[in-house]
Amino acid sequence: MSAPKTFDAENADNLEDIEKQFAVKAVMQAQTYWNLLENVKGSTLRLTRLDDEIYEHFIKEFPEYESADAVAEVNEDAMKSPEGKERWRKFMNTYEKTVHDFNFGTLLRTGSKDEYEEKTTIFVPRMQFLAVEIARNKHGLNDWIYGQQHK
């Protein structure tokens, strides 16, 4: 389910049914991703055909996330600060024509050691999710999920 091309989020009414549909899709995506991580080691998983390009671009634009420790925990306040929003907007808009639903709302775990729960999950655009999770997977930070499932 994608928003119509003519949909203007800035001027749209906050219709409860539309919000519920977006929330349902975000939860379904999170469940699907978790199921993938339970069945495939994150370090071997490709989320898009552009994973390597996204990772390289992410590290170039956000060098503070280069290490495994740095990408293991994300700071919502920093991501959503005025400066953070501008940096992320510039990064994400690069993928407007190449990544489907690049700005669709998605759930992201704030820590790679966490499961999806109310206090450990934030709502972000899909490109933020992809950048962080691709980096976590490259560092093997999500492999514990597979290991937990296959003891």
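Here the structure is a predicted model, which is why all the values come from computation and not from measurement.

Right, let's talk about the overall build of the protein for a bit. If you tally the helices and strands in the protein, you get 7 helices and 2 strands. Starting at the N terminus and walking to the C terminus, you meet the elements of the protein as α-α-α-α-α-β-β-α-α. Counting only residues that meet the buried cut, the protein has 38% of its 151 residues in that class. Per element, the accessible surface of the protein, about 9,400 Å² overall, is 49% carbon and sulfur.

The full count for this structure, using the stated rule, is 9 salt bridges. Across the pair K138 and D52 runs a salt bridge, and its minimum N-O distance is 2.7 Å. Of this pair, K138 sits in helix α6 (residues 126-138) while D52 sits in helix α2 (residues 51-61), and the two are 86 residues apart along the sequence. Using a relative accessible area of 36% as the deciding quantity, one classes D52 as partly exposed. Residues E133 and R136 are paired through a salt bridge, measuring 2.9 Å at the closest nitrogen-oxygen approach. Of this pair, E133 and R136 both sit in helix α6, 3 residues apart, roughly one helical turn. Grouping residues by exposure puts E133 and R136 together as buried. Taken together, the shared-partner salt bridges in this structure form one network comprising R46, D52 and K138.

Running from N to C, helix α5 (residues 82-93) and α6 point in directions that differ by 90°, and their axes come no closer than 10 Å. Classified by the angle between their axes, α5 and α6 sit roughly perpendicular to one another. The residues of α6 that touch α5, namely those facing W88, F91 and M92, are M127, Q128 and A131. A class-by-class count of the residues in the contact of α5 with α6 yields 5 nonpolar, 1 polar and no charged.

Look at α6: 18 Å from first C-alpha to last across 13 residues, which is about the 18 Å you get at 1.5 Å a residue. Within α6, 11 of the 13 residues are buried, which leaves the element mostly enclosed by the surrounding structure. Taken together, the buried positions of α6 are M127, Q128, F129, L130, A131, V132, E133, I134, A135, R136 and N137.

What counts and how
- Residues numbered from 1 in each chain as written.
- Predicted model: local features only at pLDDT ≥ 70, side-chain atom pairs only at ≥ 80, totals over all residues.
- Heavy atoms only, no water.
- Helix = DSSP H or I, 4+ residues; strand = E, 2+ residues; numbered from the N terminus.
- Buried < 20%, exposed > 50% of the residue type's maximum accessible area, 1.4 Å probe, protein only.
- Areas by Shrake-Rupley, 256 points an atom, 1.4 Å probe, with all protein chains shown as cover.
- Salt bridge = Lys/Arg side-chain N within 4 Å of Asp/Glu carboxyl O.
- Axes fitted to C-alpha atoms, helices over the stretch in contact; angles between N-to-C directions.
- Parallel < 35°, antiparallel > 145°, perpendicular 65-115°, else oblique.
- Contact = heavy atoms within 4.5 Å.
- Nonpolar A, V, L, I, M, F, W, Y, C, P; charged D, E, K, R; others polar.
- Expected span 1.5 Å × (residues − 1).

Such coordinate-based values are descriptive only and should not be taken to indicate function.
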